Amino acid sequence: MKLSYKWLSKYLELDLEPKDLAEKIERTAVEVDSVTRLDYKLKKIVVGHTLEVTEHPDSDHLHICQVDVGEEEPIQIVCGAPNIAADQDVIVALHGSRIKDNVKIKRSKMRGVPSNGMICALQEIGYPDNVVPKDYADGIYVFPADSHVKPGDSVMEALGMDDDVIDTSVTPNRGDMFSMNGNAHEIAAILDQKANFEVLKVQDEQKSADTLADQIKVEIDEQDVAPVYKLMAIENVKIAPSPFWLQTTLMKAGIRPINNVVDVTNYIMLKYGQPLHAYDLDQLKGQTISVAPAGENVKFTTLDDEKRDLRPEDLVITADGTPIAMAGVMGGMATEVSDQTQNIVIEAAIFDPIKIRKTARYHNLHSEAAMRFERGIDYSSLDDALNEAASLVADFSQGKVMSGVVVGNDTKLNPESITIALARINKILGTSLTSEEVVAIFDRLGFSTELDATKQTFKVTVPVRRWDIHIEADLLEEVARIFGYDNLPVTLPTGDPTIGQLTTEQKLMRASRTVMEGLGLTQAMSYGLTTIAKSQQFVKGDHELVKVDWPMTKDREALRMNLISGLLDDIAYNKARSVENVALYEQGRVFYGNGQAQPEEIEHIAGAITGSMQAKSWNEKEKPVTFFDVKGIVEQYLKNVAVAGEVSYVADHDRQGMHPGRTADVLLDGDVIGFIGQIHPTTAEEFKIKETYVFELNLTKIIHAEKKLQHYDVISKYPAITRDIAILVNKEVSNTEVLNVINETKQKNLIKVELFDVYEGKNLEKGMKSLAYQFTYQDTNDTLQEDAINDEFSKVIKNLEEKLNVTVR
Amino acid sequence: MSLQEKLKELEEKGLQEISVANELSKLNEVRVNFLGKKGPITEVLRGMRDLSKEERPKVGEFANKVRDNLTSKLEERKEELAQAALNKKLAEEAVDVTLPGTPMKQGQPHVIQQIIDNLEDLFLGMGYQVVEGPEVELDRYNFEMLNLPKDHPARDMQDTFYITDEVLMRSQTSPVQARTMEKHDFSKGPLKMISPGVVYRRDTDDATHSHQFHQIEGLVIDKNITMGDLKGTLVTLAKELFGDRFEVRLRPSYFPFTEPSVEADVTCFNCMGKGCSVCKSTGWIEVLGAGMVHPNVLKMAGVDTDVYGGFAFGLGPDRFAMLRYGVDDIRNFYLNDVRFLSQFNKRG
Ligand SMILES: [Zn+2]
């Protein structure tokens, strides 16, 4: 809420700087968005009186004005505003003045005619468009007679811009801070003062003999929708602009002045937090007013001239069954107060906050009124607000207040009493307050206390204007914030010790990330929500897709079932920005629907690499990524996390989105835990990426897989002997098949077999390939004899020849 | 010429030749020529037979001296030559040390992950556990058990992706706390936990909004937890995040699951409190929300509010990273531009 420092000063003794007051409000009550001085940097802007206005000889829209600015001689100003005329009090920016945005105004010539300043619109001295009165929206501002301004007066003073506005951001629980009344009480508590809040009543001479109850009735069937509903009326009004002081007050609060009725309702809303609505009484005469849900198929034209389809549950005010307003949100065109209105009726009500909130939200009508109804209304000031409104309208429009208040509902709230113990306050806040100090705090808040001296408890009675306070914790908050959060001690929890330790799962996840980073992959974080197609990509098996009920876009419609598609999006994003070498991994969850309320959430780890593994440099060539680089990463990773089972790689020819000849499933003891391979060129093209290799592993399975224990093998001090062999074998025979034969052959001292060359092509028979292995033999207890090794080695050769039909080269 | 004079002459000649020998082979020649079995010194010594008994040892001694001198000079020269040869080789091997080093391939943890890991470590050190929970949550845990019944206005503050009426993409990580509180056996000691993770909101992605971001929330429930303990914890947390020179200020706020609720501001790191565009001239940066756990939340989790109470706090690593590193667009965290990710490569 925009709080005028000057207005607040009417109720409080403010002897501190506005920014210091704002700081106190922020530290004690609600957040402050800004403190603005309205005349900030404005300079040499004065009231001018137009003595003579003639047309510019060389222009169809410019006027030459002689303006009295309080100096000896009038000054000449050329002005283009359509509404300029003689005998107006206007805003004059003199030569050397500064207007909005610190723009400097200088003497100049306009189409040859000297101009010694500028006549300004309100917008030009800093008012936003939406607060400028309609009459002056497209032209200069003209001071009304009741402003009593004189030429040469400071415009900033005249308009009350010599004021600071503290704009607060009110939390949902502090609806009371949406009124001057609430703010006056709150700031009084903060400053340890008593607020001097003035209430204006209808005076006897303002009353007419006519009784409102003779003209209108209110019947409300569902009491809950409007716990309070009251009407007062003013007759024989003259609709006109409201007094100058009221207009400037509203403009400072960010509200556009309209007329002497609407402005009063807005003023009362600011002062009491009680939204009011004014109807043209003559449109409602003899009818019965009610508040009820709209019901089926109701269309309603609101006063912004929008025809709206109401939801059946939207609350409406009806007159003999016809809707006349969306309760608490916006009035209707038909009963709007117009320039011709003679008699008006003012509604002061409290509506069901939840219903108002839903209506405002659905129709996107977040009016000042709706915002207040949503957060609650002060039951205890409604009568004052209505009464003061009637009095002010009568005063400003020369009308008379009809006798009687027509009441549709009048639920009363009683102040709540809450008991709290001193020990409890100190225990929870960590303070050592005395009962006197606590009583003093409640006193400042205007809460009465009864101290039970023996039990050291307080019975605290909370006034109705603080409807947010119901339980002990609410009182604790009041004590804490008035005592000051700054004054709380700074301690750490004591009590029984606890051990802070990551779980095995968490440790393994962290280790997985570290390993990936060590292998050159950078961690990515992609979106969990994606398209249906991308969610299902690369996924084998029958997994149920999980979708968002009401997606915002097709791009974020489904929960991902794989991480790779997100990583490919990342690679595409990089490629579009000419980053060609990308190596990313991601650790995160995929979601499989399983017929339960919540889907299965499985931790995965995936990687995607495109371009070169090695950045090109003066001493290194580029090294385009291959299938075996990605396989190497997975092998190293599985080695690091020490899965105990047997890892194998089985060609996978039919995983959608993957290259049919360059994809393998990764198996752990025969169970598929993931896959590696090249993205299918067609899929790569769809993603607009180049050749890319990926892997994706089920981290949950890896976490739960049996692990090898860390252990030590004695390192033999005897020399190792190596034997190399190159074999010619059918191309279809895999490395694994060769290794299987080697491993099946019983060899006592063989400690390692390493493939060191693979060759196909020139000089070889078609359909054949050459594989070269190095065998390493070593004994832990003795130096090996050449003969023994030769025996073992020839056994292997014999087996390879027999089982795989190889030729030793 | 006496033998001594002859030896003297030989010595001088030998030394002369040693000093001019500039290759090992030459030096070897000198050695053979002077000290070899057929060399002149041996020859001279053969002539000792003709000397008297008295003179013989003197000449012998002198001859040995000459031989030793030549031998050691030979060695010295050899050493010199070897050193010179090595120096020459080393000079030839010199590289331009200003050429760049070979690029090494190493990945980086994501900047958000770095923040999460840091905070996890801080709280592990203070005896907290790290607890994870489902990202697809029940309305009950995400809202109701956190004192946000169906029609609560604060639900509007965080517009949520629903999957069905009762199932949603969690909009905060607090449901993990509700779940943990419900399961915790308080007879076995206090509950101290943090729950980091990804959360989702129905927000249109732009520079400051993302439909996906991260949260870290903390919760402590025990018998004698005070608001001072909360303040101390937040100060510790702020110091970990920003450093020692920063002040923390608490302001009243509102969260349905805490009462009293506070927001914690930290001295603006950009201007050190003087006021700048980062802090919108306030000198303070809002970094966390916190409060004492609302009794309704405790009751719903089956915790006896007469005995137990506690505090909760939460912060957004994304927002923190944006503030701390001046990242101007939250989408950077999820688009994974390598040039963005690789900037955050400071370890330790
Ligand atoms: Zn700053």
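These numbers come from a predicted model, not from an experiment. (Residues numbered from 1 in each chain as written. Chains lettered and ligands numbered in written order. Predicted model: local features only at pLDDT ≥ 70, side-chain atom pairs only at ≥ 80, totals over all residues. Heavy atoms only, no water.)

Student: Which residues make up the sheet that holds strand 26 (residues 448-452) of chain A, and what values go with them?
Tutor: Residue and element names in this part refer to chain A. Reading across from one edge, 25-27-26 is the order of the 3 strands in this open sheet, with antiparallel pairing throughout. The open sheet is flanked by strand 25 (416-421) and strand 26, the only strands paired with a single partner. Averaged over all neighbouring strand pairs, the angle between strand axes comes to 20°, with direction disregarded. Across 5 bridges, strand 26 lies against strand 27 (residues 457-462) in antiparallel orientation. Across the sheet, serine 448 pairs through a bridge with threonine 461, a residue of strand 27. Relative to the sheet, helix 10 (residues 422-429) contacts strand 25 and strand 27, its axis offset from that of strand 25 by approximately 70°. Strands in contact with helix 11 (residues 435-445) are strand 26 and strand 27; relative to strand 27, the strand with the most contacts, it is inclined by about 5°. (Pairing = 2+ DSSP bridges. Helix = DSSP H or I, 4+ residues; strand = E, 2+ residues; numbered from the N terminus. Axes fitted to C-alpha atoms, helices over the stretch in contact; angles between N-to-C directions. Contact = heavy atoms within 4.5 Å.)

Student: An account of the packing of helix 1 (residues 3-20) of chain B against helix 2 (residues 24-35) of chain B is requested, with residue identities and associated values reported.
Tutor: All names here are of chain B. In the contact formed by helix 1 and helix 2, the axes pass within 10 Å of each other and the chain directions differ by 170°. The orientation of helix 1 with respect to helix 2, classified from their angle, is roughly antiparallel. Handedness of the crossing formed by helix 1 with helix 2: right-handed. From helix 1, Leu10, Lys13, Gly14, Glu17 and Ile18 reach across to helix 2, where they touch Leu27, Val30 and Phe34. By residue class, the composition of the contact of helix 1 with helix 2 is 5 nonpolar, 1 polar and 2 charged. (Parallel < 35°, antiparallel > 145°, perpendicular 65-115°, else oblique. Left-handed = near helix turned anticlockwise from the far one by under 90°. Nonpolar A, V, L, I, M, F, W, Y, C, P; charged D, E, K, R; others polar.)

Student: Any chance you could break down the coordination of the zinc ion for me, citing the residues and the numbers?
Tutor: All names here are of chain B. All of the protein donors around the zinc ion are Cys268 (SG), Cys271 (SG), Cys276 (SG) and Cys279 (SG); their distances to the metal are 2.3 Å. Between the 4 donor atoms coordinating the zinc ion, the angles at the centre fall across 103 to 113°, so the site counts as tetrahedral. Along the chain, the residues donating to the zinc ion are arranged with the sequence spacing C-x2-C-x4-C-x2-C. Separated by 11 residues along the polypeptide, cysteine 268 in the loop between strand 7 (258-267) and strand 8 (284-293) and cysteine 279 in the loop between strand 7 and strand 8 bring together distant segments of the chain. Neither residue differs from the other here; cysteine 268 and cysteine 279 are each classed as buried. (Donors = N, O, S within 2.8 Å, 3.2 Å for Na, K, Ca; no water. Tetrahedral: all angles 85-135°; square planar, octahedral: opposite > 155°, others 65-115°. Buried < 20%, exposed > 50% of the residue type's maximum accessible area, 1.4 Å probe, protein only.)

Student: Quick one: what's the story with the UniProt feature "domain: TRNA-binding" (unreviewed entry) in chain A, residue by residue and with numbers?
Tutor: In the UniProt entry, the feature "domain: TRNA-binding" (unreviewed entry) is given for residues 39-156 of chain A. Within the segment residues 39-156 of chain A, helix and strand shares are 2% and 41% respectively, and the terminal C-alpha atoms sit 6 Å apart. (UniProt positions renumbered as here; feature names shortened; annotations may be inferred.)

Student: Please give an account of the UniProt feature "domain: FDX-ACB" (unreviewed entry) in chain A that cites residues and values.
Tutor: When the UniProt feature table is mapped to this numbering, "domain: FDX-ACB" (unreviewed entry) covers residues 716-809 of chain A. Secondary structure content for residues 716-809 of chain A is 31% helix and 35% strand, and the end C-alpha separation is 32 Å.

Student: If you had to explain a positive patch on the surface to someone new, which residues and values would you point to?
Tutor: Residues and elements named next belong to chain A. Taken together, the side chains of Lys43, Lys44, Lys104, Lys106 and Arg107 make up a positively charged region of the molecular surface. With respect to the helices and strands, the residue lysine 104 is situated in strand 7 (residues 103-105). The class for lysine 104 is partly exposed, based on a relative accessible area of 45%. (Patch = residues over 30% accessible without salt bridge, like charges linked within 9 Å, V, L, I, M, F, W, Y side chains within 5 Å. Areas by Shrake-Rupley, 256 points an atom, 1.4 Å probe, with all protein chains shown as cover. Salt bridge = Lys/Arg side-chain N within 4 Å of Asp/Glu carboxyl O. Lys, Arg positive; Asp, Glu negative; His and termini not counted. Charge placed at Lys NZ, Arg CZ, Asp CG, Glu CD.)

Student: Please give an account of the packing of aromatic side chains that cites residues and values.
Tutor: One pass over the structure, following the stated rule, counts 27 aromatic pairs over all chains. Ring centres 6.2 Å apart and planes at 20° place the aromatic pair phenylalanine 442 of chain A and phenylalanine 447 of chain A in the stacked group. Ring geometry for phenylalanine 627 of chain A versus phenylalanine 628 of chain A: centroids 5.1 Å apart, planes at 80°, classification edge-to-face. Judged by relative accessible area, phenylalanine 627 of chain A falls into the buried class, the value being 14%. Taken together, the aromatic side chains of Trp7, Trp245, Tyr267 and Phe396 of chain A make up a single cluster linked through ring pairs. The aromatic ring of phenylalanine 269 of chain B is capped on one face by arginine 324 of chain B, whose charged end is 4.9 Å from the ring centroid. (Phe/Tyr/Trp six-rings, centres within 6.5 Å; stacked < 30°, edge-to-face > 60°. Lys NZ or Arg CZ within 6 Å of the ring centre and 35° of its normal.)

Student: Tell me about the pattern of salt bridges, and please be specific about residues and values.
Tutor: For the structure on display, the rule yields 73 salt bridges over all chains. Across the salt bridge formed by arginine 466 of chain A and glutamate 478 of chain A, the nearest N and O atoms sit 2.9 Å from each other. Placement of the pair is arginine 466 of chain A in the loop between strand 27 and helix 12 (472-483) and glutamate 478 of chain A in helix 12, with a sequence separation of 12 residues. The exposure class of arginine 466 of chain A is buried, given its relative accessible area of 3%. Where aspartate 652 of chain A meets lysine 540 of chain A, a salt bridge forms, and the shortest distance between an N and an O atom there is 2.8 Å. One end of the pair, aspartate 652 of chain A, is in the loop between strand 33 (647-651) and strand 34 (658-668); the other, lysine 540 of chain A, is in the loop between helix 14 (532-536) and strand 30 (558-559), with 112 residues separating them in the sequence. For lysine 540 of chain A, a relative accessible area of 34% puts it in the partly exposed group. Residues participating in the shared-partner salt-bridge network are Glu23, Glu26, Arg27, Glu31 and Asp486 of chain A together with Arg249, Arg251, Glu263, Asp265 and Glu286 of chain B.

Student: For the domain arrangement of chain A, give the residues involved together with the corresponding values.
Tutor: It is common to give the size of an interface as the accessible area lost on bringing the parts into contact. Each assigned domain of chain A is listed here: domain 1 (2-33 + 168-191), domain 2 (43-158), domain 3 (204-410), domain 4 (416-481), domain 5 (504-704) and domain 6 (721-808). Domain 2 of chain A and domain 5 of chain A are separated by 69 Å when their C-alpha centres are compared. (Domains from an automatic or database assignment.)

Student: Could you give an account of the environment of leucine 270 of chain A, with specific residues and numbers?
Tutor: Residue and element names in this part refer to chain A. Its place among the elements puts leucine 270 in helix 6 (residues 262-272). Residue leucine 270 is classed as buried on the basis of its relative accessible area, which comes to 3%. Remark: the alpha-carbon pair of leucine 270 and isoleucine 216, spanning 54 residues in sequence, is separated by 28 Å. Ignoring sequence-local partners within four residues, the contact set of leucine 270 consists of Met1, Trp7, Phe178, Ser179, Met180, Leu250, Ala253, Ile255 and Arg372.

Student: I'd like a rundown of the interface of chain B and chain A, residues and numbers included.
Tutor: Every contact between the two is made by 93 residues of chain B and, on the other side, 89 residues of chain A. Where chain B abuts chain A, roughly 7600 Å² becomes buried across the two surfaces, and 54% of that area is made up of carbon and sulfur atoms. Among the residues chain B hides against chain A, the three largest losses belong to Lys105, Arg202 and Pro252 of chain B. Together they make up 9% of the total. Where chain B packs against chain A, one counts 10 salt bridges. A salt bridge links lysine 358 of chain A to aspartate 151 of chain B, with the nearest nitrogen and oxygen atoms 2.6 Å apart. Counting across the chain B and chain A interface gives 39 residue pairs in polar contact (both at pLDDT 80 or more). When residues of the side of chain B that touches chain A are assigned to their parent elements, the largest contribution, 8 residues, is made by helix 9 (residues 227-242) of chain B. The residue inventory of the side of chain B that touches chain A, partitioned by class, reads 40 nonpolar, 25 polar and 28 charged. (Buried area = accessible area lost by both parts, 1.4 Å probe. Polar contact = N/O pair within 3.5 Å; in protein donor to acceptor, adjacent residues only side chain to side chain.)

Student: Kindly report on the UniProt feature "binding site: Mg(2+)" (unreviewed entry) in chain B, identifying the contributing residues and their values.
Tutor: Here the UniProt-annotated "binding site: Mg(2+)" (unreviewed entry) positions come out as Glu259 of chain B. With respect to the helices and strands, the residue glutamate 259 of chain B is situated in strand 7. Beyond its immediate sequence surroundings of up to four residues, glutamate 259 of chain B is in contact with Ala473, Asp474 and Glu477 of chain A together with Met292 and His294 of chain B.

Student: Please set out the UniProt feature "coiled-coil region" (unreviewed entry) in chain B residue by residue, giving values where relevant.
Tutor: Taking the UniProt record as the reference, the feature "coiled-coil region" (unreviewed entry) is found at residues 67-94 of chain B. Its end C-alpha atoms 41 Å apart, residues 67-94 of chain B is made of 96% helix and 0% strand.

Student: Kindly report on a nonpolar patch on the surface, identifying the contributing residues and their values.
Tutor: Where nonpolar side chains cluster on the molecular surface, the patch consists of Tyr712, Val714 and Ile715 of chain A and spans about 400 Å² of accessible area. Tracing the backbone shows valine 714 of chain A in the loop between helix 18 (699-704) and strand 37 (721-730).

Student: Report on the environment of isoleucine 91 of chain A, specifying residues and quantitative values.
Tutor: Residues and elements named next belong to chain A. With respect to the helices, strands and loops of the structure, isoleucine 91 is situated in strand 6 (residues 89-99). With relative accessibility at 0%, the residue isoleucine 91 sits in the buried group. It is 54 Å that separates the C-alpha atoms of isoleucine 91 and aspartate 221, two residues lying 130 residues apart in sequence. Beyond its immediate chain neighbours, meaning those up to four positions away, isoleucine 91 contacts Ile45, Val46, Met118, Ile119, Cys120, Leu122, Ile125, Tyr141, Phe143, Val155 and Leu159.

Student: Before we move on, could you go through the packing of helix 10 of chain A against helix 12 of chain A and cite the residues and values that matter?
Tutor: All names here are of chain A. Between helix 10 and helix 12, the shortest axis-to-axis distance is 11 Å and the interhelical angle comes to 70°. With respect to helix 12, the element helix 10 is oriented roughly perpendicular. Two packed elements cross with a definite hand, and for helix 10 against helix 12 that hand is right-handed. Across the interface between the two elements, Arg424, Ile425, Ile428 and Leu429 from helix 10 touch Glu472, Leu476, Val479 and Ala480 from helix 12. Partitioning the contact of helix 10 with helix 12 into residue classes produces 6 nonpolar, no polar and 2 charged.

Student: Just give me the short version of the nonpolar core, but keep the residues and values in it.
Tutor: Membership of the largest hydrophobic core comes to 106 residues, with the highest contact counts inside it found for Leu568 of chain A together with Leu237 and Phe333 of chain B. No other element matches helix 5 (residues 111-125) of chain B, which puts 8 residues into this core. Ignoring sequence-local partners within four residues, the contact set of phenylalanine 333 of chain B consists of Met525 of chain A together with His110, Val111, Ile112, Asp318, Ala321, Met322, Val327 and Phe340 of chain B. (Core = buried A, V, L, I, M, F, W, Y, C linked by side-chain atoms within 4.5 Å.)

Student: An account of the side chain of serine 535 of chain A is needed here, citing residue identities and associated values.
Tutor: Within the secondary structure, serine 535 of chain A sits in helix 14. Non-local contacts of serine 535 of chain A, meaning those with residues more than four positions away in its chain, are made with Thr530, Leu545, Ala558, Leu559, Arg560, Met561 and Asn562 of chain A.

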